[in-house]
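Topology and contacts: notes
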Amino acid sequence: MCKKQTLLFILFLMIPLSAQAYIGPGVGTGTIAVVFGIISSVFLAIFAIFWYPFKRLIKRLKGQKPEVDESESNDK
């Protein structure tokens with residue numbers, strides 16, 4: 001009988017009670033800002049990866065010679 005009482009006591013202690021805590025609006029605003037920042041940085045990274053080759057293609061189609069970086073000319 002002692003083991004059952006101990007088990008019941010432990011289970012009783014695990015029952016959640018109300019927290020009586022206040023989370024202000026600043027936490028939600030900060031969370032939204034962080035999520036927006038992460039999503040926008042991912043989209044900007046994807047855009048940057050595709051933009052440079054696309055820009056060179058447009059210059060070639062217009063008949064202009066694409067700009068050559070100094071690092072590319074030193075590799076020869």
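First, a word on scope: everything that follows refers to the structure included in this document. (Residues numbered from 1 in each chain as written. Predicted model: local features only at pLDDT ≥ 70, side-chain atom pairs only at ≥ 80, totals over all residues. Heavy atoms only, no water.)

What about the packing of aromatic side chains?
For the structure on display, the rule yields two aromatic pairs. Summarising the aromatic geometry, the rings of Phe47 and Trp51 are spaced 5.7 Å apart at their centres and angled 15 degrees between planes, so their arrangement reads as stacked. With Phe47 and Trp51 both in helix H2 (residues 25–62), this residue pair falls four residues apart, about one helical turn. With 6.0 Å between their ring centres and 50 degrees between their planes, Trp51 and Phe54 make a pair best called tilted. One end of the pair, Trp51, and the other, Phe54, are both in helix H2, three residues apart, so they sit about a helical turn from each other. (Phe/Tyr/Trp six-rings, centres within 6.5 Å; stacked < 30°, edge-to-face > 60°. Helix = DSSP H or I, 4+ residues; strand = E, 2+ residues; numbered from the N terminus.)

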